[in-house]
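Structural description and commentary
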Amino acid sequence: MRFFADAQNDSILIYFLISKKIDQIKLIATNNKMLTTNEIRSKFLEYFAKNDHEIIESSPLIPHNDPSLMFTNAGMNQFKNYFTGVEIPKFKRAATSQKCVRAGGKHNDLDNVGYTARHHTFFEMLGNFSFGDYFKEEAIFYAWNFLTKELGIEKEKLLVTVYHNDDVAANLWKKIAALPEEKIIRIATDDNFWSMGDVGPCGPCSEIFYDHGEKIFGGVPGSANQDGDRFIEIWNLVFMQFEKQKNGDMISLPKPCIDTGMGLERLTSVIQGVHDNYETDCFKSLIDNIKNFV
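Predicted model only: the values in this text are computed from it and were never measured.

As a further point, take the packing of helix H2 (residues 37–50) against helix H6 (residues 264–271). As a packed pair, H2 and H6 sit with axes 10 Å apart at the nearest point and diverge in direction by 110 degrees. Between H2 and H6, the crossing angle belongs to the class labelled roughly perpendicular. The residues of H6 that touch H2, namely those facing Thr-37, Ile-40 and Arg-41, are Leu-264, Leu-267, Thr-268 and Ile-271. Across the contact of H2 with H6, the residue classes tally to four nonpolar, two polar and one charged.

Pasting the structure below:
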């Protein structure tokens, strides 16, 4: 009888431990999904406000002072004259949550809309900017600190790309994030040299990617399967150093600047533990409301 009693007690103990483990897993999942889209946006702006950035409102979707663009396609559009030195900045640092349309300009990825779960015609771009104040080291530190400490994203899930000859950025990723060489991928194409359009500010960039895991098809940036959905770019740090002219020449900007862009919808999907942007709280709310009218 003692054997059965012990076995019964062991079963109860095992059940208790498994239940506790499941509760812990549920708690972790709940904590990861606690932040809504609006809260993530606020958290980003508050973080950069604490780090002496002026919080600037989103500019209109149709640029009011830039005939080279049909629509606002990036957070830096409203600051173009600050980068080029045409206007003197009213502040040295800024942060925004910019409403954008994926059309016009370079790198708009319009052809990807409808084929992936992460490209939208209309989207919101979180960004921090420096107008001759800080450069690569601070930009990389702010980004890494926000993702891993403020939001708690696992470091092991992140990897980065740099322009193929940007040794400075590569070494800074090793220094600040302790990333190994295999997680710092050098790219020689325009994917890591960002331009706002055919003319205007441009420069090498470093992109931060999130790994959704082996269950999702796709390869690392630069590989044959890079267009898969496993490794998703969530933040692009552009090191503005040049201004592209109509004839294709590039002249140095008066001062090196920083322009970063992070898709709010993509970041939200990571934080809420889903792979599809349309499964985040913002889109689910819109879809549920549309269903009520159908």
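Still more ground to cover, so stick around.
Mean pLDDT for the protein: 85, with 83% of residues reaching 70 or above. For residues 1–33, every residue scores under 50 in pLDDT, and the model assigns this stretch four contacts once sequence neighbours within four places are set aside.

So, about the packing of aromatic side chains. Two aromatic rings, taken as a pair, are described by how far apart their centres are and by the angle between their planes. For the structure shown, the criterion picks out 22 aromatic pairs. For the ring pair Phe-135 and Phe-239, a centre distance of 6.0 Å and an interplane angle of 65 degrees mean the geometry is edge-to-face. Here Phe-239 lies in strand S8 (residues 231–244) and Phe-135 lies in the loop between strand S3 (122–130) and helix H4 (136–150), a separation of 104 residues in the sequence. The class of Phe-239 is buried, set by a relative accessible area of 0%. Grouped by ring-pair contacts, the aromatic residues Phe-44, Tyr-47, Phe-48, Tyr-134, Phe-141, Tyr-142, Phe-146 and Trp-235 constitute a single cluster.

Turning to its location among the elements, Ser-206 is positioned in strand S7 (residues 200–211). A polar contact is formed between the side chain of Ser-206 and the side chain of Trp-173, at a distance of 2.8 Å. Ignoring anything within four residues of it in the chain, the contact list for Ser-206 reads Val-160, Thr-161, Val-162, Trp-173, Asn-192, Trp-235, Asn-236, Leu-237 and Phe-239.

This part covers the side chain of Thr-37. Note that Thr-37 resides in helix H2. A distance of 2.7 Å separates polar atoms of two side chains, one belonging to Thr-37 and the other to Asp-281. Setting aside its immediate chain neighbours within four residues, Thr-37 contacts Leu-264, Thr-268, Gln-272, Asp-281 and Cys-282.

The rules behind these values
- Residues numbered from 1 in each chain as written.
- Predicted model: local features only at pLDDT ≥ 70, side-chain atom pairs only at ≥ 80, totals over all residues.
- Heavy atoms only, no water.
- Axes fitted to C-alpha atoms, helices over the stretch in contact; angles between N-to-C directions.
- Helix = DSSP H or I, 4+ residues; strand = E, 2+ residues; numbered from the N terminus.
- Parallel < 35°, antiparallel > 145°, perpendicular 65-115°, else oblique.
- Contact = heavy atoms within 4.5 Å.
- Nonpolar A, V, L, I, M, F, W, Y, C, P; charged D, E, K, R; others polar.
- pLDDT = per-residue confidence, 0-100.
- Phe/Tyr/Trp six-rings, centres within 6.5 Å; stacked < 30°, edge-to-face > 60°.
- Buried < 20%, exposed > 50% of the residue type's maximum accessible area, 1.4 Å probe, protein only.
- Polar contact = N/O pair within 3.5 Å; in protein donor to acceptor, adjacent residues only side chain to side chain.

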